[in-house]
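Listed below, chain by chain, are the residues.
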Amino acid sequence: MTNCQTYAMSMYNFDQIIERRETGAIKTDRLKEMFGRDDIIPAWVADMDFATPPFIIDALRRRLDHPVLGYTREPDDYRPAIIEWQKRLHGWEIQPEWISYIPGIVKGIGMVVNFFTRPGDEVYIMPPVYHPFRITPESNGRKVVNVPLIEDGESRYHMDYEALEKLPGGGLLILSNPHNPAGQIWSREELARLAIICKSKGIIVISDEIHADMAHWGKRHVPFAMSCPEAAEISITFGAPTKTFNIPGVVSSFAVVPDRSLRERFFGWLGANEFGDAPVFSHIAAISAYREGWEWRRRMLEYVEGNIEYVIDYCERNIPGVIARRPDASFLVWLDCRGLGLDHDALVSLFVDKAGLALNDGEMFGAQGKGFMRLNVASPRTVIETMMSRLSDAVATL
């Protein structure tokens, strides 16, 4: 058996522990900078510790067999691969002209913010939510307006439609669909109600759907743009194979804009600045993921679901004061630590200093995340077991 064959077989072994330190990985190589120590287990940055699927590695390797890495055009199969994947998985029928490459979803948010708004304009977000939704507009001189989600007694969030109805109108709203950090899938009815409100107020909606392909236990993601006709008229959807297939280092994000007026304006600007032109490996990775990744995705989700179940069960049995909320999608688990009665600094210290774990603290996602921690469970089961044991021991010292 060749080294390549052995390597390919190992890619389906989600129990395999892969050393990522000193590879430039943010998750491991910025621990000292972010947490003050590097001898802790990283479970913060939202990428997987599983090997990238072998068919993607092989596709990139085949391209590297050619000695010239020159300017490249978009492959003919790029848009069909995206279209067929979206239809098969989500039932969303999109047209080729609706699609454009973008150089990353956070960068895409920055592009939409800068193209469709001016300094001082309002950008609406619904915290607790992925922190670049706040940081990117604020850093570009926009006024971020919080419309906090409402937490119910069943560990789910709801949009505050009454508050949304009171918005002055204009500007942008950034939607996390599925929701990050809670992993919640929004229903068609919830999305349609949001769309109707935003349409009536002239608000463009950016829908970040990077976790869309990772719905668990038979649940199904609903693309915002297909929730109702109004949504299609006001939406700019961002997607990517990067989370599902663990290729964030090969930027392969894309935008989908059904409305002709929005599309011509935004895509025209992307084209004028060559922002829609992808690096040589981006298209190759995306096509390989969408054409060859169905079975790998299924097996990966089964493994992640097992990790989620393990964390939920372990917290219920061994860690009083910590409730692991079951995500509908993604490999992120929203840990409700409010039962521990700790303030922000004490909670972070418990995880970092006592448990030796690096997680995202909930307040990073807004004040509504106080008392929460976000745990990445896309790691080998033995690593998850070690993390839970460490957390249990740390909590026992309180």
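For the structure itself, consult the block above.
Residues numbered from 1 in each chain as written. Predicted model: local features only at pLDDT ≥ 70, side-chain atom pairs only at ≥ 80, totals over all residues. Heavy atoms only, no water.

1. As for the overall build of the protein chain
Summing up its helical and strand segments, the protein chain has 16 helices and 15 strands in all. Relative to the 2.2 N^0.38 estimate, which gives 21 Å for 398 residues, the radius of gyration of the protein chain is 21 Å and therefore close to what a compact globule would have. If you line up the protein chain on its principal axes, its C-alpha atoms span 60 × 60 × 40 Å. Contacts spanning at least 24 positions in sequence make up 73% of the contacts within the protein chain whose residues lie at least 6 apart. Of the roughly 17000 Å² of accessible surface on the protein chain, 50% is carried by carbon and sulfur atoms. Charge centroids of the protein chain, computed over 43 positive and 53 negative side chains, lie 2 Å from each other. (Helix = DSSP H or I, 4+ residues; strand = E, 2+ residues; numbered from the N terminus. Rg over C-alpha atoms; globule rule 2.2 N^0.38 Å. Contact = heavy atoms within 4.5 Å. Areas by Shrake-Rupley, 256 points an atom, 1.4 Å probe, with all protein chains shown as cover. Lys, Arg positive; Asp, Glu negative; His and termini not counted. Charge placed at Lys NZ, Arg CZ, Asp CG, Glu CD.)

2. Brief notes about the environment of Pro223
In this fold, Pro223 is placed in the loop between β8 (204–208) and α10 (229–234). Distance in space between the C-alpha atoms of Pro223 and Arg188 is 8.4 Å, their sequence separation being 35 residues. Not counting chain neighbours up to four residues away, the residues in contact with Pro223 comprise His90, Trp92, Asn177, Leu191 and Glu209.

3. With respect to the pairing of strand β15 (residues 372–376)
Regular strands show a simple pattern: their side chains alternate between the two faces of the sheet. Counting buried residues in β15 gives five out of five residues, a clear majority hidden from the surface. Residues Phe372, Arg374 and Asn376 of β15 are buried on one face, and the alternating residues Met373 and Leu375, pointing to the opposite face, are buried as well. Pairing geometry for strand β12 (residues 332–336) and β15, over five bridges, is antiparallel. The residue bridging Trp334 from the neighbouring strand is Arg374, located in β15. Of the pairings in the sheet, the one linking strand β14 (residues 360–361) to β15 comprises two bridges and is antiparallel in character. (Buried < 20%, exposed > 50% of the residue type's maximum accessible area, 1.4 Å probe, protein only. Pairing = 2+ DSSP bridges.)

4. With respect to the sheet that holds β12
Sheet architecture is open: four strands sit in the order β11-β12-β15-β14, paired in antiparallel fashion. Both edges of this open sheet fall to β11 (323–325) and β14, since each of them pairs with a single strand only. Running over the sheet, helix α15 (residues 344–354) touches β12, β14 and β15 and is turned about 30 degrees from β15. (Axes fitted to C-alpha atoms, helices over the stretch in contact; angles between N-to-C directions.)

5. Details of the nonpolar core
By size, the foremost hydrophobic cluster in this structure holds 69 residues, and its most contacted members are Met300, Val311, Phe331, Leu335, Phe351, Leu375 and Val377. If sequence neighbours within four positions are ignored, Val311 has contacts with Ala324, Val333, Leu335, Leu375, Val377, Ile384 and Met388. Listed in part, the 30 residues of the second largest apolar core include Met159, Tyr161, Ala182 and Ala195. (Core = buried A, V, L, I, M, F, W, Y, C linked by side-chain atoms within 4.5 Å.)

6. Side note on the state of the cysteines
Throughout this description, disulfide means a covalent bond between two cysteine sulfur atoms. A full pass over the atoms with the stated rule returns zero disulfides. Free of any disulfide, Cys198 has its nearest cysteine sulfur in Cys228, 10 Å distant. On the basis of relative accessible area, Cys198 is assigned to the buried category, the value being 2%. (Disulfide = S-S within 2.5 Å.)

7. Focus on the packing of aromatic side chains
Tallied over the full model, the rule gives 20 aromatic pairs. Judged by centre distance (5.2 Å) and plane angle (85 degrees), the ring pair of Phe35 and Trp44 falls under edge-to-face. Using a relative accessible area of 18% as the deciding quantity, one classes Phe35 as buried. With centroids separated by 5.2 Å and ring planes inclined at 70 degrees, the aromatic side chains of Trp85 and Trp294 adopt a geometry described as edge-to-face. Here Trp85 is found in helix α5 (residues 78–90), whereas its partner Trp294 is found in helix α14 (residues 294–318), with 209 residues between them in sequence. On the basis of relative accessibility, which here comes to 26%, the residue Trp294 falls in the partly exposed class. Positioned above the aromatic ring of Trp294, the side-chain terminus of Arg88 is 3.6 Å from the ring centre. (Phe/Tyr/Trp six-rings, centres within 6.5 Å; stacked < 30°, edge-to-face > 60°. Lys NZ or Arg CZ within 6 Å of the ring centre and 35° of its normal.)

8. What to know about the pairing of strand β7 (residues 172–176)
Taking burial as the measure, the five residues of β7 include five buried ones, the bulk of the element. Residue alternation in β7 divides its side chains into two sets, Leu172, Ile174 and Ser176 and Leu173 and Leu175, and both sets are buried. When strand β3 (residues 122–125) meets β7, the two strands line up parallel, connected through two bridges. Its bridge partner lying in β7, Val123 is registered against Leu172. Two elements, β7 and β8, share five bridges in a ladder whose sense is parallel. Bridging across to β8, Ile174 finds its partner in Ile206.

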